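Each chain, written out:
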Amino acid sequence: MSTTFFVFPGNSDLPTFRAVRDLTQDKLHRYLRSLGVDARPTVHVALQGWDDHHAAPFSLDLPFVWPEDQYAWFTIDGVLGGTDADTKPVRLEVADDEFGVWELPFKVETFDAPAVLETARASGRCWSFRRSAGQPSAIVLLYGLLASATAELTHGVVYSEDGAWDAERFPAWPWDFDGWYLRPEGALREELRAWGEVHAEGLRRAFRRT
C-alpha cells in the first residue's frame, strides 16, 4: 500500500531541483525544531529510470521536470528508504483515450484557486510524491514536505484523497499544510492523531543526538 500527494501548480514557472531540495530541507529542519530536535539532516535527490532504477545524469540547477521514463528519488542522509516523485500532464477535461493525463480533481466552486485552474487549462502539469508502506517516520515527513515545497515554489496547492492525511483538508495551500501535516494536534481523526504521535516520537528517536 502507498499514499500520494499531488501538487497542482498555480503558474508555469518551473523551480529547479536545487530550489525544491533546499526548501524541503529547510522545512524539515523547522519541523524537527518544533519537536525540540536540533539536528539538520541533509536531503538528497537523484534521477532514476523506471525500468532499471539506475541513476540518470542530471544537475541540481535543471528545471524540476524529467522524461516520463524516469523519476526523482529523494532520501535523507542516514535514513533508510526514500520517496519517489513523478510528473504528469494535467488538463481540465480528459478524453477517455488520453492515458496518463490527469484531470484537476477539484472545482473552482469548491476551492478558490483561479491561477491553478488557469494553469491546468493551459495544458500544465502536476507532480506526485509517493510514500510506500513501511517507510520510516523521516520519509513519511519528507514526502509531505516535498509536496509543500513544490506547491510553495509554484504558487500551487497540495491534494490527496487516499489517506495520506484528512481528506477534508484538501486541496490545501502549502502554508496551511505545514501547520497541520503530521502534527497530532492538526488531525481531524483519532487514528491520524495517534499516527502523528507515533511518527513524532519516531523522528525524535531517529535524529536525537547523543
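In case you missed it, the structure is sitting above this.
The paragraphs below set out a description of the structure included in this document. (Residues numbered from 1 in each chain as written. Predicted model: local features only at pLDDT ≥ 70, side-chain atom pairs only at ≥ 80, totals over all residues. Heavy atoms only, no water.)

**So, the pattern of salt bridges**
Under the convention used in this document: Every case where a carboxyl oxygen of Asp or Glu lies within 4 Å of a side-chain nitrogen of Lys or Arg is listed as a salt bridge. For the purposes of this entry, the term helix denotes a DSSP run of H or I that reaches at least four residues, the term strand denotes a run of E that reaches at least two, and both are numbered from the N terminus. Relative accessible area decides the class of each residue, using a 1.4 Å probe on protein chains only: under 20% of the type maximum gives buried, over 50% gives exposed, and in between gives partly exposed.
This structure, assessed with the given rule, holds 14 salt bridges. Of the charged contacts, one joins Arg-189 and Asp-166 as a salt bridge, the two residues approaching to 3.0 Å between their closest N and O atoms. Of this pair, Arg-189 sits in the loop between helix 4 (174–180) and helix 5 (190–207) while Asp-166 sits in the loop between strand 8 (157–159) and helix 4, and the two are 23 residues apart along the sequence. Of the charged contacts, one joins Arg-189 and Glu-168 as a salt bridge, the two residues approaching to 2.8 Å between their closest N and O atoms. Taken together, the positions of Arg-189 in the loop between helix 4 and helix 5 and Glu-168 in the loop between strand 8 and helix 4 put the pair 21 residues apart, joining distant regions of the chain. In this structure Arg-189 comes out as partly exposed when scored by relative accessible area, which is 32%.

**Re the packing of helix 3 (residues 137–153) against helix 5**
What counts is decided by this rule: Only the stretch in contact is used when a helix axis is fitted, and all axes are lines through C-alpha atoms; the angle between N-to-C directions ranges over 0 to 180 degrees. For classification, angles of less than 35 degrees are called roughly parallel, those exceeding 145 degrees roughly antiparallel, those between 65 and 115 degrees roughly perpendicular, and all remaining angles oblique. By definition in these notes, contact holds between two residues if any of their heavy atoms fall within 4.5 Å. Amino acids are sorted into nonpolar (Ala, Val, Leu, Ile, Met, Phe, Trp, Tyr, Cys and Pro), charged (Asp, Glu, Lys and Arg) and polar (every other residue, Gly among them).
Two numbers describe how helix 3 lies on helix 5: the axes approach to 8 Å, and their chain directions differ by 110°. Taken together, helix 3 and helix 5 sit at an angle that is classed as roughly perpendicular. Facing Ser-137, Ala-138, Val-140 and Leu-141 of helix 3, the residues of helix 5 in contact are Trp-195, Val-198, His-199, Gly-202, Leu-203 and Phe-207. Its residues assigned to classes, the contact of helix 3 with helix 5 comprises 7 nonpolar, 3 polar and no charged.

**Digging into the pairing of strand 5 (residues 83–91)**
Going by this rule: The criterion for strand pairing is that DSSP finds at least two bridges linking the strands in question.
Among the 9 residues in strand 5, 7 count as buried, and that is most of the element. As paired strands, strand 4 (residues 70–76) and strand 5 are joined by 3 bridges and run antiparallel to one another. Residue Ala-72 lies in a different strand from strand 5, and its bridge partner there is Ala-85. Remark: 6 residues form the turn of the hairpin made by strand 4 and strand 5, two consecutive strands paired antiparallel; Gly-78 in that turn has positive phi of roughly 80°. Bridge count between strand 5 and strand 7 (residues 124–132): 7 bridges; the pairing is antiparallel. By the bridge assignment for strand 7, Val-90 is matched with Gly-124. Where strand 5 lies against strand 6 (residues 102–103), 2 bridges are found, and the strand directions are parallel. Bridged to Val-90 within strand 6 is Trp-102.

**Focus: helix 5**
Quick reminder of the rule: One fewer than the residue count of a helix, multiplied by 1.5 Å, yields its expected span. Arc definition: it is the arc formed by the directions from the helix axis to the C-beta atoms.
Between the first and last C-alpha of helix 5 there are 26 Å, a value that for 18 residues agrees with the 26 Å anticipated at 1.5 Å per step. Residues Leu-192, Gly-196, His-199, Ala-200, Gly-202, Leu-203 and Phe-207 constitute the buried set of helix 5. Axial view of helix 5: buried residues confined to an arc of 165°, hence all on one face. Opposite the packed face of helix 5, turned more than 90 degrees from it, sit the exposed residues Glu-191, Val-198 and Arg-205. Residues of helix 5 that are buried make contact with helix 1 (17–34), strand 4 and helix 3.

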